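Residue strings, one per chain:
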Amino acid sequence: MKMYEILSKRKLNDNITWLVIYAPMVARKAKPGQFIILRTDEYGERIPLTMAGHNSENGTIDLIYATVGRTTMLMDQLEEGDTFANIVGPLGKPTHMEGLKKVCVVGGGTGNALAYPIAAGMHNHGIKVDMIAGFKNKDLVILEEEFTANTDRTFVVTDDGSYKEKAFTTDKLKALLAEGNEYDEIIAVGPPIMMKLICQIAQEAGIKSVASLTAYMIDGTGMCGGCRASIGGEDKFVCVDGPEFDGSLVDWDELIQRNSYYSEQEAHDREHVCRLTGGVRYYD
Amino acid sequence: MINLVNVKNPMPEQKPDVRNKNFLEVAEGYTEDMAVREAMRCLQCRKHPCMTGCPVSVRIPEFINKIAQGEFEEAYQIIKTTNSLPAVCGRVCPQENQCEGSCVRGVKGEPVGIGRLERFAADWHAANYGDEEIEPAESNGHKVAVIGAGPAGLACAGDLVNKGYEVTVYESLHKTGGVLVYGIPEFRLPKAIVAAEVKALEAKGVKFVVDAIVGRSITVDELMEEGYESVFIGTGAGLPSFMKIPGENLLGVCSANEYLSRINLMKAYLPEYDTPIMHGNKIAVVGGGNVAMDAARCAKRMGAEDVYIIYRRSSEEIPARAEEIHHAVEEGIDFRYLTNPVQVVGDEKGYVTGIECVKMELGEPDASGRRRPVEVKDSNFILEVDTVIMAIGTKLNKLILETTENLEANDRGGIGVDGKAATNRAGIFAGGDAVTGAATVIKAMGAGKVAAAGIDEFLSK
């Protein structure tokens, strides 16, 4: 096996792909909640991605990504047997599990891919896990089987009701709390706006909330400071202090704003990839 | 014969209004003739005060004498006996505070251009003997791990491999060189030079492992368990400092580390690279060190119309190398001395629109001996900018301290070491910015060499 070789590639839906990659240095130490930084090739940017799983014995890691920007479009071009230029990790602090007995994990959209290792990891650790997996519609539902097999209860909800229950994740969480379910912690993984609302509901119910943040970063070791976020009025680096933070302390509006910084350039890049190369960069 | 001219032979340079639009090297280097003439300015004084100013004790009068005699390769070989990266040091050392600062010729004029001559010898060697096969060093059977492929790690690895140690260097980024590749820009230190130095070390037998974050991918203790008899930690300074003023998290504020990494490590200035970068038109760089100068000069080259350096003390205290300041001024960087930011201001969407500053004046000397800057009352003003780059230093990264059992810190929060670069843990050595906090390339190299000697002593027992 070649270093950083794609051993398997599976489309979960039109937009989401599951890769299994040979990265033994990462796999041997990886824990749920941690992330990696990758580069597709010499010209690629460095992007962080939370691991969806790993297998220390085989030396493999799992990445589930949504095709949203230039790098993920390039990743779509890679097939089984192709390699990434670089993968470094595991980065960030692992999901906190000590002392927890029952939790609710809430995933939104692609965030479910990142919620999966957290939910499954906690479940394997002996923690009772209720999973709320929310999607826009039926076509976007992913990982239902995996969630069902690796949590105590999984509730799939869709915004438009085209599959299973029609509800937003916020509604479902409120409903579970209203039914009398008690949790030691509520973990939110998804779009920042969803995480913000979930954490608010948790706070109102007097339950600790944890949110897994994403941010721009270069090195992942604290050197660039690009990923700083205001947590309880203090500057924290998502890469080394996170990626998981107490949801009640996160300055969500600032985070949402900061994550939009390169969106114009990225939109331009997406078009650039499509128009100039049809999405293909030629790999050796 | 002594050349009695009281000023240095001028360095051929790209014209300021040309070079501030490209990333090619600013200083083009001496010709053989210029080098010989400059070398003849050296008095060959017996006390050689220049050498005491050098952290790696380069045999300065000897190599200069060889250049004066036209024996350029011999000059290079003399430098190489104590300095493993002469092409780098000749370009980026703060010579005015070191060798050249102690040069006798400097009393009545300009000192001998020692840095320029060192660079000349290194470049001459690369051009004429660069392709020579390097023999792998013979192994003494001892394995040593070096953490961090920056100046400290490369210097340490170089000395160790020459003594026969089997050295493996672990680097967290995807490229080797540390600050030499992510921090210092191409126009000051071409990356091909760093790559050639690394290649030479590889040819000697040093192994490099990139994408390996020690403390995460593998710990220091695990390296020892894997069979390394000694470990050198040269992980650099780490986390960028911010001023803790309002508005620092607005869109368009970043650390110099981030800005420079995007440009230097990830080549945002070349169209074929995907790296996104903030394309400001009016950029304020806060700070007065070499990093601030690098960021400002990069900003100009990235197309910014107005680039300001905001520094709270005066031109007397500014810590950057004299040459960098001189070059920055020539390239059109606007220096605002005795000025201190109080907040960054932005629009309703969160984008930076300006930086509010206050004027400063110098009061009584502080603990550092420099006159303390004090605010001038009611002197606040807003400088209109769309990007703010913070270049005010770094804090120490705790990753290795947190993940290595019983490793002790020093009172500054760095890794604690004795005079031989040994930590409290047997076999574990450390040096460079990871110990001292942000300093210079040459000091880090000096520390790497001290550690290599310490490791050799430790493993020879």
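Below is a short write-up of the structure. Just so we're clear, the structure is a prediction, and the values are computed from it rather than from any experiment.

This paragraph deals with the overall build of chain A. When you go through chain A residue by residue, the secondary structure sums to 9 helices and 16 strands. Taken over the C-alpha trace, chain A has a radius of gyration of 18 Å; the compact-globule value for 284 residues is 19 Å, and the two agree within 12%. When its C-alpha atoms are laid out on the principal axes, chain A stretches across 60 × 40 × 40 Å. A buried classification covers 58% of the 284 residues belonging to chain A. The contacts of chain A with a sequence gap of at least 6 include a subset with a gap of at least 24, amounting to 65%. Accessible surface, chain A: about 11,700 Å² in total, of which carbon and sulfur atoms supply 49%. Here chain A holds 29 positive side-chain charges and 41 negative ones, and the gap between their average locations is 1 Å.

A word on the interface of chain B and chain A. Of the residues lining the interface, 44 residues belong to chain B; the matching set on chain A comes to 44 residues. Of the roughly 3,800 Å² buried between chain B and chain A, counting both surfaces, carbon and sulfur atoms make up 52%. Of all residues in chain B, R216(B), N249(B) and D274(B) bury the most surface against chain A, accounting for 22% of the area lost on that side. R70(A) is the partner of D274(B) in a salt bridge, and the nearest nitrogen-oxygen pair spans 2.8 Å. On the surface where chain B and chain A come into contact, there are 21 residue pairs in polar contact (both at pLDDT 80 or more). For the side of chain B that touches chain A, the secondary-structure elements that each account for two or more residues are β5 (238–240), β6 (253–255) and α12 (256–265) of chain B. Looking at the side of chain B that touches chain A element by element, the count peaks at 4 residues for α12(B). Looking at the side of chain B that touches chain A residue by residue, the classes come out as 18 nonpolar, 14 polar and 12 charged.

Turning our attention to the environment of R37(B). All names here are of chain B. Tracing the sequence through the fold places R37 in helix α2 (residues 32–39). Overall, the relative accessible area of 37% leaves R37 in the partly exposed class. When the C-alpha atoms of R37 and A68 are compared, they prove to be 7.1 Å apart, with 31 residues separating the residues in sequence. Polar side-chain contacts of R37 include one of 3.3 Å to the side chain of N9.

Okay, the pattern of salt bridges next. Tallied over the full model, the rule gives 40 salt bridges over all chains. The shortest N-O distance in the salt bridge between K236(A) and E234(A) comes to 3.7 Å. Accessibility expressed as a relative area gives 26% for K236(A), which makes it partly exposed. In this structure E234(A) comes out as partly exposed when scored by relative accessible area, which is 49%. Through salt bridges with shared partners, a single ionic network connects E13(B), R19(B), R188(B), D294(B), R297(B), R301(B), R321(B), E323(B), E324(B), E330(B) and E331(B).

Attention now moves to helix α5 (residues 169–178) of chain A. Given 3.6 residues per helical turn, the α-helix brings residues three or four places apart onto the same face. Residue and element names in this part refer to chain A. Every buried residue of α5 is listed here: T169, T170, K172, L173, L176 and L177. Angular distribution of buried residues about the axis of α5 spans 165°; they occupy a single face of the element. On the buried face of α5, the contacting elements are β8 (102–108), β9 (128–135), β10 (153–158), β11 (165–166), β12 (185–189) and α6 (192–204).

What follows deals with the sheet that holds strand β1 (residues 143–147) of chain B. All names here are of chain B. Taken together, the 5 strands give an open sheet; going across it, the order is β3-β2-β1-β4-β16, and neighbouring strands pair in parallel fashion. The open sheet has two free edges, formed respectively by β3 (207–209) and β16 (428–430), since each of these has just one partner strand. Each neighbouring strand pair of the sheet contributes to a mean axis angle of 20°, computed without reference to strand direction. Note: strand β4 (residues 230–233) against β16, 3 bridges, orientation parallel.

Moving on to the sheet that holds strand β7 (residues 86–91) of chain A. All names here are of chain A. Read across the open sheet, the 3 strands follow the order β4-β3-β7; overall the sheet is antiparallel. The open sheet terminates on both sides in strands that have one partner only, identified here as β4 (47–50) and β7. Going across the sheet, the axis of each strand differs from the next one's by a mean of 25°, ignoring polarity. Sheet topology note: the strand β3 (residues 35–39)/β7 ladder contains 4 bridges and is antiparallel. Residue pairing in the sheet places L38 in a bridge with I87 of β7.

The next point concerns the packing of aromatic side chains. Residue and element names in this part refer to chain B. All chains considered together, the criterion is met by 11 aromatic pairs over all chains. Taken together, a centroid distance of 6.5 Å and an interplanar angle of 80° make the contact between Y311 and Y337 edge-to-face. Within this pair, whereas Y311 is found in the loop between β8 (306–310) and α14 (322–330), its partner Y337 is found in the loop between β9 (334–336) and β10 (339–346), the two being separated by 26 residues in sequence. Assessed through its relative accessible area of 7%, Y311 is described here as buried. By relative accessible area, which is 25% here, Y337 ends up partly exposed. Each residue in the set F72, F120, W124 and Y129 is aromatic and connected to the rest through ring pairs, giving one cluster. Above the face of the Y228 ring, K143 is positioned so that its terminal group lies 4.7 Å from the ring centre. Positioned over the ring face of F187 is R301, at 3.7 Å from the centre of the ring.

So, on to the layout of surface pockets. All names here are of chain A. Roughly 1,300 Å³ of volume is contained in the second largest pocket. Around the second largest pocket, the lining is made up of 44 residues, and of these P48, L49, V68, T214 and N259 lie nearest the centre. Contributions of two or more residues to the lining of the second largest pocket are made by β4, β6 (60–66), α2 (70–77), α3 (111–124), α6 and α9 (263–277). Its residues assigned to classes, the lining of the second largest pocket comprises 24 nonpolar, 13 polar and 7 charged.

On to a nonpolar patch on the surface. Residues and elements named next belong to chain B. On the surface, I2, L4, L43, V104 and V107 cluster together into a nonpolar patch covering about 470 Å² of accessible area. Structurally, I2 is set in the segment before α1 (16–19). Using a relative accessible area of 36% as the deciding quantity, one classes I2 as partly exposed.

Turning to the packing of helix α4 (residues 60–68) of chain B against helix α5 (residues 72–80) of chain B, a few remarks are in order. Residue and element names in this part refer to chain B. With their axes 7 Å apart at the nearest point, α4 and α5 run at an angle of 170° to one another. Compared by their axis directions, α4 and α5 come out roughly antiparallel. On α5, the residues that touch E62, F63, K66 and I67 of α4 are F72, E74, A75, I78 and I79. The residue makeup of the contact of α4 with α5, split by class, is 6 nonpolar, no polar and 3 charged.

Another point: the nonpolar core. Residues and elements named next belong to chain B. I60, F63, I64, I67, L117, V167 and L180 are the most contacted members of the largest nonpolar core, which totals 78 residues. Of the residues forming this core, the biggest block, 8 residues, is contributed by helix α17 (residues 441–460). Beyond its immediate sequence surroundings of up to four residues, L180 is in contact with L85, V88, P151, L154, L189, K191, V194 and V441.

This paragraph deals with the environment of D378(B). As for its placement among the helices and strands, D378(B) is situated in the loop between β12 (371–375) and β13 (381–384). Residues D378(B) and V358(B) lie 20 residues apart in sequence; the distance between their C-alpha atoms is 7.8 Å.

Time to look at unusual backbone geometry. The linkage connecting G89(A) with the following residue, P90(A), adopts the cis geometry, with an omega of 0°. Mapping P90(A) onto the fold places it in strand β7. Backbone torsion omega between G242(A) and P243(A) reads 10°, so that peptide bond is classified as cis. Structurally, P243(A) can be placed in the loop between α7 (238–241) and β16 (244–246). In this model, S57(B) sits at a positive phi of 50°, which is unusual for a non-glycine residue. By secondary structure assignment, the location of S57(B) is in the loop between α3 (49–52) and α4. The exposure class of S57(B) is partly exposed, given its relative accessible area of 38%. Even without being a glycine, K244(B) presents a positive backbone phi close to 60°. Relative to the elements of secondary structure, K244(B) occurs in the loop between β5 and β6.

Reading the values: the criteria
Each chain has its residues counted from 1, running along the sequence as written. For naming, the first written chain is A and the first written ligand is 1, with later ones following in the order written. Local features in this predicted model are restricted to residues of pLDDT 70 or higher, and side-chain atom pairs are both shown and tallied only at a pLDDT of 80 or more, whereas totals for entire chains, interfaces and linings draw on every residue. The basis for every side-chain value is the complete set of heavy atoms in the structure, and neither hydrogens nor water enter the calculation. Put simply, DSSP marks the helices as runs of H or I at least four residues long and the strands as runs of E at least two long, and each gets a number from the N terminus on. Atoms counted for the radius of gyration: C-alpha only. Globule rule: 2.2 Å times the number of residues to the power 0.38. Here's how the labels work: a residue is buried when its accessible area is under 20% of the maximum for its type, exposed when over 50%, partly exposed in between, all with a 1.4 Å probe on protein chains only. In this description, contact between two residues means that some pair of their heavy atoms is separated by no more than 4.5 Å. Each accessible area is a Shrake-Rupley result for a 1.4 Å probe, and residues are judged covered by the shown protein chains and nothing else. For the purpose of charge, His is not counted, nor are the chain termini; Lys and Arg are scored as positive and Asp and Glu as negative. Working definition for charges: the position is that of NZ of Lys, CZ of Arg, CG of Asp or CD of Glu. Once two parts are brought into contact, the accessible area they lose, counted with a 1.4 Å probe and summed over both, makes up the buried area. In the sections that follow, a salt bridge refers to a side-chain nitrogen of Lys or Arg positioned within 4 Å of a carboxyl oxygen of Asp or Glu. Under this definition, polar contacts are N or O atom pairs within 3.5 Å; protein pairs additionally need one hydrogen-donor-capable and one acceptor-capable atom, and for neighbouring residues in sequence, both atoms have to be side-chain atoms. Any residue that is not Ala, Val, Leu, Ile, Met, Phe, Trp, Tyr, Cys, Pro, Asp, Glu, Lys or Arg is counted as polar, Gly included; the first ten are nonpolar and the last four charged. Summarising the geometry, the arc corresponds to the directions from the helix axis toward the C-beta atoms. Should DSSP find at least two bridges between two strands, the strands are taken to pair. To get an axis, a line is fitted to the C-alpha atoms, and for a helix only the part in contact is used. The angle between two axes follows their N-to-C directions and goes from 0 to 180 degrees. Geometry of aromatic contacts follows a simple scheme: Phe, Tyr and Trp rings, the Trp one being its six-membered ring, pair when their centres are within 6.5 Å, and the pair is stacked under 30 degrees between planes, edge-to-face over 60, tilted otherwise. Note on criteria: charge over ring means Lys NZ or Arg CZ within 6 Å of the ring centre, with the direction from the centre no more than 35 degrees off the ring normal. A pocket here means an open set of points on a 1 Å grid, computed over the protein atoms alone, that has protein on both sides within 12 Å along at least five of seven lines. A cavity is instead a set of points where a 1.4 Å probe fits but cannot get out; residues with an atom within 4 Å of a point line either one. Grid points are joined across faces, edges and corners, and a volume is the space filled by probe spheres set on the points. For patch detection, residues must exceed 30% relative accessible area and be free of salt bridges, and they are connected within 9 Å for like charges or within 5 Å for nonpolar side chains (Val, Leu, Ile, Met, Phe, Trp, Tyr). Working rule for angles: under 35 degrees goes down as roughly parallel, over 145 as roughly antiparallel, 65 to 115 as roughly perpendicular, anything else as oblique. Among buried residues, those of type Ala, Val, Leu, Ile, Met, Phe, Trp, Tyr and Cys that are joined through side-chain atoms within 4.5 Å constitute a nonpolar core.

Remember that the coordinates give geometry; whether it matters functionally is a separate question.
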